[in-house]
Amino acid sequence: MSSAMNELLDILDLEPLEHNLFRGRSPQVGWQRVFGGQVIGQALVAAQRTVSEGRHVHSLHCYFMRPGDPAVPIIYEVDRIRDGGSFTTRRVVAIQHGHAIFSLSASFQVEEEGLEHQLPMPLDVPGPETLKSQREFIEAFGDKVPENIRRYWKQERPLEIRPLNVEHYTTRDPLPPIQNVWLRATGPVPDDRALQAAILAYLSDMTLLDTSTFPHGRSVFDPELQMASLDHAMWFHRPTKLDDWLLYTSDSPSSQGARGFSRGALYARDGTLIASTAQEGLVRLRKK
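Residue numbering note: each chain is counted from 1, following its sequence as written. Residues qualify for local features only when their pLDDT is at least 70, as the model is predicted, and side-chain atom pairs are given and counted only at 80 or more; totals for whole chains, interfaces and linings, by contrast, use all residues. The side-chain values count all of the structure's non-hydrogen atoms but skip hydrogen atoms and water molecules.

Help me out: how do you make sense of the pattern of salt bridges in this one?
Should their charged atoms come close, side chains of opposite charge can pair. Within this document, salt bridges are pairs made up of a side-chain nitrogen of Lys or Arg and a carboxyl oxygen of Asp or Glu, the two lying within 4 Å of each other. Applying the stated criterion to the full structure yields 18 salt bridges. For the salt bridge of Glu15 with Arg23, the shortest nitrogen-to-oxygen distance reads 3.0 Å. Only protein chains enter the calculation, and the probe is 1.4 Å; a residue is then buried if its accessible area is under 20% of its type maximum, exposed if over 50%, and partly exposed in between. Here Arg23 falls in the partly exposed class, since its relative accessible area comes to 33%. Among the salt bridges present, the one from Glu160 reaches Arg162, with a minimum N-O distance of 3.0 Å. Residue Arg162 is classed as buried on the basis of its relative accessible area of 14%. One connected set of salt bridges, linked through shared partners, spans Arg172, Arg218, Asp222 and Glu224.

How should I be thinking about the pairing of strand β11 (residues 259–268) in this particular structure?
Regular strands show a simple pattern: their side chains alternate between the two faces of the sheet. With respect to burial, β11 is a largely interior element, seven of its ten residues being buried. Paired strands are those between which DSSP finds at least two bridges. Every helix listed is a DSSP run of H or I at least four residues long, and every strand listed is a run of E at least two residues long, numbered separately from the N terminus. The sheet contact formed by strand β10 (residues 246–256) and β11 spans nine bridges and is antiparallel. Bridge pairing in β11 links Ser254 to Phe261. Counting the residues in the hairpin turn of β10 and β11 gives two residues, including Gly257, whose phi is positive at 55 degrees. Pairing geometry for β11 and strand β12 (residues 273–285), over nine bridges, is antiparallel. In the sheet register, Gly260 faces β12, and the bridge partner there is Gly281. Hairpin connection from β11 to β12: four residues lie between these consecutive antiparallel strands, with Gly271 at a positive phi of about 95 degrees.

The following block contains the structure:
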């Protein structure tokens with residue numbers, strides 16, 4: 001298991017402080033602000049710690065209000081809004097420096113049988129083994145890849161990413177607002193459904209907003225753009241053990257008002273739809 005994967009599992013193991021109160025920390029990797037997926041995952045863990053066994057998250061909705069400070073612990077306060085016969089609702093507020101930086105609402109359900117269908121996984125998607133890793137991509141494209149992208153991709157991370165779309169990193173040509181990437185954990189994930197859901201929430205914040213920049217010949221690494229997640233929603237359709245590659249497919253129906261909007265779907269390799277996502281984020285041209 002990679003040290004980054006060990007670190008992820010460690011930061012998702014929140015410290016209980018008091019009834020409904022938990023403390024989380026951030027990895028010290030030199031980032032200027034806390035990764036949004038980390039706060040989503042930790043807040044979900046805090047909510048799960050207050051939910052009865054046998055009830056699993058089926059949806060979450062969250063807002064990012066202030067950038068998180070990686071040097072300071074994050075306090076998660078859980079509000080036990082409702083415990084019903086089939087559904088449980090929780091609200092979590094993340095606090096730093098005396099201010100709310102993030103809020104999450106999540107709903108949990110007792111498992112039930114019911115009608116079932118799903119949209120199929122996109123056709124003709126190359127398998128992950130046929131694609132270059134990000135390190136191999138850097139070696140193949142050399143100086144065509146900007147330095148800030150090369151530096152980011154060389155860092156050890158808890159997830160390996162193999163993108164199908166790489167043109168936006170090397171060109172300013174407008175591209176369709178559609179993206180497909182394969183993702184997998186860089187080490188084994190414990191057989192714990194709640195933890196698996198938290199890791200899935202963590203990775204759901206990756207690459208999604210980037211899709212909204214494609215029609216404008218941009219990417220998330222563009223120094224002329226200021227980008228940040230504003231809100232994030234996720235629906236958990238079917239459990240996954242995260243022991244194989246997942247396909248994360250996304251599109252962006254609209255960008256306007258310095259905001260980009262993207263939708264995503266996470267599929268298991270066999271085509272099973274695991275989860276759906278939606279996100280709006282700040283996509284602002286920096287003033288020169």
